[in-house]
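Here is how the chains run, residue by residue.
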Amino acid sequence: MLRICYVKDEGSTELTFAGTYSLEQVERAFAAVLDGTEDDCGKGLIVDATDSETEFTEQELRTLADFLARRRERLGHRMAVVVAVENKVHYATSRMLAAYAEPMDLVVGVFTDMDEAARWIAPS
């Protein structure tokens, strides 16, 4: 089951993915958030994937990193996507996404706790 929602709160934007979904659905969700509004994501974009059941291949992660890098100006002043995950496999694949995004000047922070992710995206 796919569940996607997003909320703009306190200067950042939060996008939640839960259940199973395809790369194309993820790209459409990011595009809706990043391309569908007049303003950018403020301080950055937090992705909550704690209830995700989807695992992406290496090529899908590279494709997603490229997709996001092309929209980095819309991601906010830190140009960051924060992925909050609890599953160890999802944590590892999120770290792969971060590694693929880095040469494209896109910062991806990976955390296991949403509060920690929020503190990182908007340091005081």
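Within the protein chain one finds 4 helices and 5 strands. Taken from the N to the C terminus, the helices and strands of the protein chain come in the order β-β-α-β-α-β-α-β-α. Put simply, the protein chain has 124 residues, and 44% of those count as buried. A separation of at least 24 residues holds for 74% of the contacts in the protein chain among residues at least 6 apart in sequence. Roughly 6,600 Å² of accessible area belongs to the protein chain as shown, and the carbon and sulfur atoms make up 48% of that amount.

Side chains of Glu 86, Asp 113, Asp 115 and Glu 116 sit close together on the surface and give a patch of like negative charge. Tracing the sequence through the fold places Glu 86 in the loop between strand S4 (80-84) and helix H3 (88-101).

Once that is clear, we can look at the confidence of the model for the protein chain. Of the residues in the protein chain, 77% reach a pLDDT of 70 or more, and the chain-wide mean stands at 80. Averaged pLDDT values for the elements of the protein chain fall to 61 in strand S1 (residues 2-9) and rise to 93 in helix H2 (residues 58-69).

Right, let's talk about the side chain of Ser 94 for a bit. Relative to the assigned elements, Ser 94 resides in helix H3. Taking relative accessible area as the criterion, Ser 94 reaches 9% and is therefore assigned buried. Residues within four places of Ser 94 in sequence aside, it is in contact with Val 83, Val 85 and Val 110.

Time to look at the environment of Ile 121. The residue Ile 121 is located in helix H4 (residues 114-121) in this model. Along the sequence, Ile 121 and Gly 44 sit 77 residues apart, while their C-alpha atoms lie 6.2 Å from each other.

So, on to the packing of H2 against H3. Between H2 and H3, the shortest axis-to-axis distance is 9 Å and the interhelical angle comes to 50°. For the element pair H2 / H3, the angle class is oblique. Considering how the two elements wind past one another, H2 and H3 form a crossing that is right-handed. In contact with Glu 58, Leu 61, Arg 62, Leu 64 and Ala 65 of H2, H3 contributes Thr 93, Met 96, Leu 97, Tyr 100 and Ala 101. Looking at the contact of H2 with H3 residue by residue, the class counts come to 7 nonpolar, 1 polar and 2 charged.

Criteria and cut-off values
- Residues numbered from 1 in each chain as written.
- Predicted model: local features only at pLDDT ≥ 70, side-chain atom pairs only at ≥ 80, totals over all residues.
- Heavy atoms only, no water.
- Helix = DSSP H or I, 4+ residues; strand = E, 2+ residues; numbered from the N terminus.
- Buried < 20%, exposed > 50% of the residue type's maximum accessible area, 1.4 Å probe, protein only.
- Contact = heavy atoms within 4.5 Å.
- Areas by Shrake-Rupley, 256 points an atom, 1.4 Å probe, with all protein chains shown as cover.
- Patch = residues over 30% accessible without salt bridge, like charges linked within 9 Å, V, L, I, M, F, W, Y side chains within 5 Å.
- Salt bridge = Lys/Arg side-chain N within 4 Å of Asp/Glu carboxyl O.
- Lys, Arg positive; Asp, Glu negative; His and termini not counted.
- Charge placed at Lys NZ, Arg CZ, Asp CG, Glu CD.
- pLDDT = per-residue confidence, 0-100.
- Axes fitted to C-alpha atoms, helices over the stretch in contact; angles between N-to-C directions.
- Parallel < 35°, antiparallel > 145°, perpendicular 65-115°, else oblique.
- Left-handed = near helix turned anticlockwise from the far one by under 90°.
- Nonpolar A, V, L, I, M, F, W, Y, C, P; charged D, E, K, R; others polar.

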